[in-house]
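Next come the chains, spelled out residue by residue.
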Amino acid sequence: MTAVTAASTAPGPPGAATLPEPRGPLSAAVCSVLAGELSATALPPETAEGADPYGEDLQLALYTCYELHYQGFRDVDPEWEWDLGLLRLRAGMERRFLEALRGDVPGGDDVTAELGQLLTEPVDGGGPSHHLAEGGTWWEMREYLAHRSVYHLKEADPHAWVIPRLSGQAKAALVAVEFDEFGGGRAERAHSRLFADLLSGAGLDPEYLTYLDIVPAPALSLVNLMSLCGLHRSLRGALVGHFAAAEITTAPSARRMAKALERLEAPPQCVFFYTEHIEADAVHEQVMRHEVLGDLLRREPGLAPDVVFGIQATELLEARLADRLMHAWQQGGSSLRRPLSGPAAGR
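Residues numbered from 1 in each chain as written. Predicted model: local features only at pLDDT ≥ 70, side-chain atom pairs only at ≥ 80, totals over all residues. Heavy atoms only, no water.

Turning next to the overall build of the chain. Looking only at helices and strands, one finds 13 helices and zero strands in the chain. Relative to the compact-globule value of 20 Å for 347 residues, the chain shows a C-alpha radius of gyration of 20 Å, a close match. With the C-alpha coordinates of the chain rotated into their principal frame, the extents come out at 55 × 55 × 40 Å. Residues counted as buried form 54% of the 347 residues belonging to the chain. For the chain, contacts bridging at least 24 residues in sequence account for 83% of all contacts bridging at least 6. (Helix = DSSP H or I, 4+ residues; strand = E, 2+ residues; numbered from the N terminus. Rg over C-alpha atoms; globule rule 2.2 N^0.38 Å. Buried < 20%, exposed > 50% of the residue type's maximum accessible area, 1.4 Å probe, protein only. Contact = heavy atoms within 4.5 Å.)

Here is the structure:
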């Protein structure tokens, strides 16, 4: 493929974001390439060597590369999506991220045991949703929503990539879950749309990736894990593991979030996003465990270690995000890279 040499002057797709502010040499290089200021052929994959795999620079650079496969960026030529030089750089960053994840989780192949741990909540559980339900403030709630916006405004999109990589009942059942995530054929009921409505109700900007520049690496890394596993057929088991973990843990968390929003007297559309997930994900959990994972592992038992990896990596990255939020809030400071502003910021 011929390398792209300049940014397009044509407007991006409706709702496309502008390129983010770089956070280091890797993200600066990616943004410069996409802006047509630097040739991707000048970026060897070893550029990622030595970078913090969980750091702001690498995670933003990866997120920016992956966004080319979603809605893209305003005034950036869509041909960059498959530019070989940029793909080589992305591959180097992916290796760095994957090596760190594999080194930081215990691994194994006992899927049943991993799922069992997810189904058991500790009596003295902590974390952001517990904090918000029990006494969190409105400004903390709004920060939490900003963190989650980098995923929820594209909710279910990363998981759609695994559909053609599955077969049989696993494929059919996963499509059924995705159908619900996309609103059951009704655009206004798609979960990404419901989250946009939630943001509006909370006095936040519902536009796609508005908060990308202020959301820190721990939130970006969770979305990057989904995109990484979705874009690589070899990681299909890991993506299904991630998806199952997300569906199993969402309903209890959603109950706490709905409780928190009701306590804070948030508008009904804010509460509705989470009450919708309480019901939907309780069903999805059963489908993912028995029909998707059950059938997948009967067909391909060798994928069990990948499924376990997907579950464990998800839990690791969720814990890193929770630590970021709780440490900042306990110190009375913002968990974002820059505090939110606006009339509702300190309600």
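Now, onward.
Before going further, it helps to spend a moment on empty space enclosed by the protein. The full count for this structure, using the stated rule, is one cavity of 30 Å³ or more. By residue number, the principal contributor to the lining of the largest cavity is helix α3 (residues 84-104), which donates three residues. By residue class, the composition of the lining of the largest cavity is five nonpolar, one polar and two charged. (1 Å grid on protein atoms, 1.4 Å probe; cavity = no way out; pocket = protein on both sides within 12 Å on 5 of 7 lines; lining within 4 Å. Points joined across faces, edges and corners; volume = space filled by probe spheres on them. Nonpolar A, V, L, I, M, F, W, Y, C, P; charged D, E, K, R; others polar.)

Along the chain, the position of isoleucine 163 falls in the loop between α7 (157-160) and α8 (168-181). Among all residues touching isoleucine 163, those that are not within four sequence positions of it are Lys171, Leu174, Val175 and Glu178.

This part is about helix α6 (residues 138-152). Taking 1.5 Å as the rise per residue, α6 with 15 residues should run 21 Å; its terminal C-alpha atoms sit 20 Å apart, in good agreement. Among the 15 residues that make up α6, 14 are buried, leaving the element largely enclosed by the rest of the structure. (Expected span 1.5 Å × (residues − 1).)

Looking now at helix α1 (residues 25-34). Since the α-helix turns once every 3.6 residues, residues separated by three or four places project in the same direction. Most of α1 sits inside the fold, with seven of its ten residues counted as buried. Burial in α1 covers these residues: Leu26, Ser27, Ala29, Val30, Cys31, Val33 and Leu34. Against α2 (56-67) and α3 lie the buried residues of α1.

What follows covers the packing of aromatic side chains. The final tally for this structure, using the stated rule, is four aromatic pairs. Taken together, Phe195, Phe273 and Tyr274 form an aromatic cluster joined through their ring pairs. Here arginine 102 stacks its cationic end above the ring of phenylalanine 309, 4.3 Å away from the centre of that ring. Above the face of the tyrosine 70 ring, lysine 154 is positioned so that its terminal group lies 4.5 Å from the ring centre. (Phe/Tyr/Trp six-rings, centres within 6.5 Å; stacked < 30°, edge-to-face > 60°. Lys NZ or Arg CZ within 6 Å of the ring centre and 35° of its normal.)

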